[in-house]
Amino acid sequence: MKGNSRICYAIAIAFSAAALILELLPLGAVLIFAPGSGETIKQTFSYFDLTVMGYANFAPIITGVLTAAVIVLGIAALFRFQKAEIVKIAVLVCSVIAVLSSLAPLLFFGYEYMTFAGYIISAMMAVSVYLQTAAERMRGWQN
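Please read all numbers here as calculations on a predicted model, not as lab measurements.

Considerations on the packing of helix H3 (residues 59-79) against helix H4 (residues 85-108)
The packing of two helices is summarised by the inter-axis angle and the distance between the axes.
Then, in step 1: Running from N to C, H3 and H4 cross one another at 160°; their axes reach a closest spacing of 8 Å. When the axis of H3 is compared with that of H4, the two are roughly antiparallel. Our pair here, H3 against H4, has a crossing hand that is left-handed. Taken together, the residues of H4 that come into contact with H3 (itself represented by Ala59, Ile62, Thr63, Leu66, Thr67, Val70, Leu73, Gly74 and Ala77) are Val87, Lys88, Ala90, Val91, Cys94, Ser95, Ile97, Ala98, Ser101, Ser102, Ala104 and Pro105.
Then, in step 2: Broken down by class, the residue content of the contact of H3 with H4 amounts to 14 nonpolar, six polar and one charged.

Details of the side chain of Glu23
Then, in step 1: Position of Glu23 among the secondary structure elements: in helix H1 (residues 4-24).
Then, in step 2: No salt bridge is formed by the buried Glu23. Its closest oppositely charged neighbour is Lys42, at 18 Å.

Section: the pairing of strand S1 (residues 29-36)
Then, in step 1: Taken together, the six bridges between S1 and strand S2 (residues 39-45) define a ladder with antiparallel strand orientation. Looking at S2, one finds that Val30 is bridged to Thr44.
Then, in step 2: Between S1 and S2, which pair antiparallel one after the other, the connecting turn spans two residues, and Ser37 there sits at a positive phi close to 50°.

About the thresholds
Throughout this document, residue positions are counted from 1 along each chain, in the order its sequence is written. With pLDDT at 70 or above as the cut-off, local features in this predicted model cover only qualifying residues; side-chain atom pairs require 80 or more to be listed or tallied, and sums for whole chains, interfaces and linings still use all residues. In computing side-chain properties, one takes all heavy atoms of the structure into account and sets aside hydrogens as well as water. For helices, the axis comes from a line fit to the C-alpha atoms of the stretch in contact; other axes are also lines fit to C-alpha atoms, and the angle between any two N-to-C directions lies between 0 and 180 degrees. Secondary structure elements follow DSSP: runs of H or I no shorter than four residues count as helices, runs of E no shorter than two count as strands, and numbering proceeds from the N terminus. Orientation labels follow simple angle bins: below 35 degrees gives roughly parallel, above 145 gives roughly antiparallel, 65 to 115 gives roughly perpendicular, and whatever is left gives oblique. The handedness criterion is simple: a crossing whose near helix is rotated anticlockwise from the far helix by less than a right angle is left-handed, and one whose near helix is rotated clockwise is right-handed. Any two residues whose heavy atoms approach within 4.5 Å are treated as being in contact. Residue polarity is assigned by list, with Asp, Glu, Lys and Arg as charged and Ala, Val, Leu, Ile, Met, Phe, Trp, Tyr, Cys and Pro as nonpolar; anything else, Gly included, falls into the polar class. Each residue is placed in one exposure class: buried if its accessible area under a 1.4 Å probe, protein chains only, is under 20% of its type's maximum, exposed if it is over 50%, and partly exposed if it falls in between. Working convention for charge: Lys and Arg count positive, Asp and Glu count negative, and His plus the chain ends are omitted. Salt bridge, as applied in this entry: a Lys or Arg side-chain nitrogen positioned within 4 Å of an Asp or Glu carboxyl oxygen. Pairing between two strands is assigned when DSSP locates at least 2 bridges connecting them.

As structure tokens, then:
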């Protein structure tokens, strides 16, 4: 029973890693260009593409950087799981902020600026947050 919370936490980090893979693909961040005469061109980019940030959509790169931080810190927390309380809190805070920033284009610009991959990334990060809190709850019951 003692390893179940660690397994749950590892699955949470795996969900974040899967989200990072989707963030690296040029499917998630959206820019809509209007070259003229009423036409619009919708183009998708990677979360780490600086073009998106250049057009004042900062949320995707914030989401990407925080997701990478969640993975690095989460792996570090797995090695010293029982004594890494501060690191696990940092991972949870970064995960929550990543979920909120992944939904920012939807809230600020509208549904046109979200893709299916963007919704999947938000859902994966939300599942990661849930599993992190579930792992802490399980660990609390075991003590």
